[in-house]
Amino acid sequence: ARFALQTNKKLASHSPTPLNISLLGGFQLAFGEHTLSADQISLRKARDLLKLLALTPNHRLHREEVLDLLWPEQSPQQAAHNLSQTLYTLRPKLSALNSEIGLCFEDECLAFKASGGISTDVNDFECAARSVLDFTGRITTQATANCHEAILKYTGDLLPDDGPSDLFYPRREQLRQMYIELLLLFAHYSLELKDYLPTIDALQQIIVIDPAHEEAHIRLMRTFALNGQRQAAIRQYQILEEALRRELDVTPSPESTKIRDQILNGELVATRSLVLPEWLVRPHHNLPSIASSFVGRDAEIQQLRDLVQSHRLVS
C-alpha cells in the first residue's frame, strides 16, 4: 500500500501540464507559469485562427473550412498562402510556451495539439452548465450550490474585445443565454428555499445583461414583495416599463401588470415575518413601555431594513 501511494504521488508529480486557454472575458494561453496574451500576437488572423481551433471540438478544423472562415473573399491560392504565413508566424510563439505545443496538418485537417492536452474555460463552463440545467432532481441546498458554482465559471462574455464579429458572435450569444438560464434557475432554486437576497442578486444580474428581460423583472417584483419590500417591487414595474419602451417600444405584458396589481392590492405579501434582532428590541432599562407614537423609529427602521436588503452598499 505504501509503495502504491508513493507511485501515485510520483505519477501525479510527473503528469503532463495541460495548455489552458482563456476565452471568457478575454483571450490568453497559459502553460504552467508561461503565458501568451492577445497583444503578443500581432496578426489578427493569427489570433482568430487560435480562437477558432480552441472553440472547436477536438481542436481541429478541415483546411478548406479554415480558408473559408478566415479568408472568404480571397482566391483559393491567396487564402492558402495567407494560411501558410499565419502558421509561420504562430508556430514560434507556441513553441516558446512549450516545444510540444503546435499546429500541424493531419488528413487535411489543421490540428491544435499539446502533449498535456488542451483545456478551455468555455468547455469547463459548458460542462458545468449542462450538468445543472439537465438536473431533474429535488431542489436542495446542494443543487443550489452546484448551480452557483456553474455561474461562477462564467467569467465574462466570450472574446468581448472582438466586438460583433461574424466569427464569434453566434457562439457568444449562445453562451450568454446559457448563463442567463443558469441565473434564472439559481433564482428559482433560491426562491423555493425562501432565500430572497441571492434570488434578488441573480435576477438583477440578468437585467444588467438584458434590461428588457421581462421574465426577470416579473420574478424580481414577486421576490421583492415576498421579502416585504413592497415599494421596491412597485418601483421594479416602473423600471420594466421604461426598459421595454426604450429597448423594444412595447408595453409590459398582462402578466407583469397582474403582478403589479396584486402587490398594490396587498394580495402578494411577505411569506415570513421580518423580526428585528434581539439586541435591538431587548429593553436596556426599567422604564415603562412606549405609549405614544411620537417616540420611536419604527418607520425608519423598516425603511433602513428595506434598503439594506435590496442594496449592496448603504450609507
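Residues numbered from 1 in each chain as written. Predicted model: local features only at pLDDT ≥ 70, side-chain atom pairs only at ≥ 80, totals over all residues. Heavy atoms only, no water.

Caption draft 1: Spatial organisation of the overall build of the chain. Within the chain, the regular secondary structure consists of 13 helices and 7 strands. Each of the 315 residues in the chain was classed as buried or not, and the buried ones make up 37%. Long-range contacts, defined here as pairs at least 24 residues apart, represent 61% of the contacts in the chain between residues at least 6 apart. Element-wise, carbon and sulfur atoms account for 52% of the exposed surface of the chain, whose accessible area totals about 19,100 Å². (Helix = DSSP H or I, 4+ residues; strand = E, 2+ residues; numbered from the N terminus. Buried < 20%, exposed > 50% of the residue type's maximum accessible area, 1.4 Å probe, protein only. Contact = heavy atoms within 4.5 Å. Areas by Shrake-Rupley, 256 points an atom, 1.4 Å probe, with all protein chains shown as cover.)

Caption draft 2: Representation of the packing of helix H2 (residues 44-55) against helix H3 (residues 63-70) within the structure. With their axes 11 Å apart at the nearest point, H2 and H3 run at an angle of 130° to one another. With respect to H3, the axis of H2 lies oblique. Between H2 and H3 the crossing geometry is right-handed. Counted together, Lys45, Asp48, Leu49 and Leu52 of H2 and Val66, Leu69 and Leu70 of H3 form the full contact between these two elements. Across the contact of H2 with H3, the residue classes break down as 5 nonpolar, no polar and 2 charged. (Axes fitted to C-alpha atoms, helices over the stretch in contact; angles between N-to-C directions. Parallel < 35°, antiparallel > 145°, perpendicular 65-115°, else oblique. Left-handed = near helix turned anticlockwise from the far one by under 90°. Nonpolar A, V, L, I, M, F, W, Y, C, P; charged D, E, K, R; others polar.)

Caption draft 3: Spatial organisation of the packing of H2 against helix H4 (residues 76-97). The N-to-C vectors of H2 and H4 enclose an angle of 75°; their axes lie 9 Å apart at closest approach. Compared by their axis directions, H2 and H4 come out roughly perpendicular. Seen from H2, the contacting residues are Lys45, Ala46, Leu49 and Leu50; seen from H4, they are Leu83, Thr86, Leu87, Leu90 and Leu94.

Caption draft 4: Local environment of the nonpolar core. Leu19 and Phe112 are the most contacted members of the largest nonpolar core, which totals 77 residues. Considering each element in turn, this core owes the most residues, 12 residues, to helix H7 (residues 169-192). (Core = buried A, V, L, I, M, F, W, Y, C linked by side-chain atoms within 4.5 Å.)

Caption draft 5: A look at the pairing of strand E1 (residues 19-22). Burial along E1 is one-sided: Leu19 and Ile21 are buried, and none of Asn20 and Ser22, which face the opposite way, are. Sheet topology places E1 next to strand E2 (residues 28-31); 3 bridges connect them, and they run antiparallel. Across the sheet, isoleucine 21 pairs through a bridge with leucine 29, a residue of E2. With antiparallel pairing between neighbouring strands as the criterion, E1 and E2 make up a hairpin whose turn holds 5 residues, including glycine 25 at a positive phi of roughly 85°. (Pairing = 2+ DSSP bridges.)

Caption draft 6: Looking closely at the sheet that holds E1. With respect to topology, 4 strands assemble into an open sheet ordered E3-E2-E1-E7, the strand pairing being mixed. Both edges of this open sheet fall to strand E3 (34-37) and strand E7 (118-120), since each of them pairs with a single strand only. Neighbour to neighbour, the strand axes of the sheet diverge by 20° on average, direction disregarded. Docked against the sheet, helix H5 (residues 121-133) engages E1 and E7, running at close to 65° with respect to E7.

Caption draft 7: Representation of the packing of aromatic side chains within the structure. The final tally for this structure, using the stated rule, is 2 aromatic pairs. Each ring, one from tyrosine 154 and one from tyrosine 179, has its centre 4.2 Å from the other, and the planes form 10°; the classification is stacked. Of this pair, tyrosine 154 sits in the loop between helix H6 (141-152) and H7 while tyrosine 179 sits in helix H7; the two residues are 25 residues apart in sequence, bridging distant segments of the chain. Across the pair, exposure class does not vary: tyrosine 154 and tyrosine 179 are buried alike. The structure contains a cluster of three or more aromatic residues connected by ring pairs, namely Phe125, Tyr154 and Tyr179. In this arrangement the basic side chain of lysine 51 is found over the ring face of phenylalanine 27, its NZ or CZ atom lying 5.3 Å from the centre. Just above the ring of tyrosine 237 sits the side chain of arginine 260; from NZ or CZ to the centre is 4.6 Å. (Phe/Tyr/Trp six-rings, centres within 6.5 Å; stacked < 30°, edge-to-face > 60°. Lys NZ or Arg CZ within 6 Å of the ring centre and 35° of its normal.)

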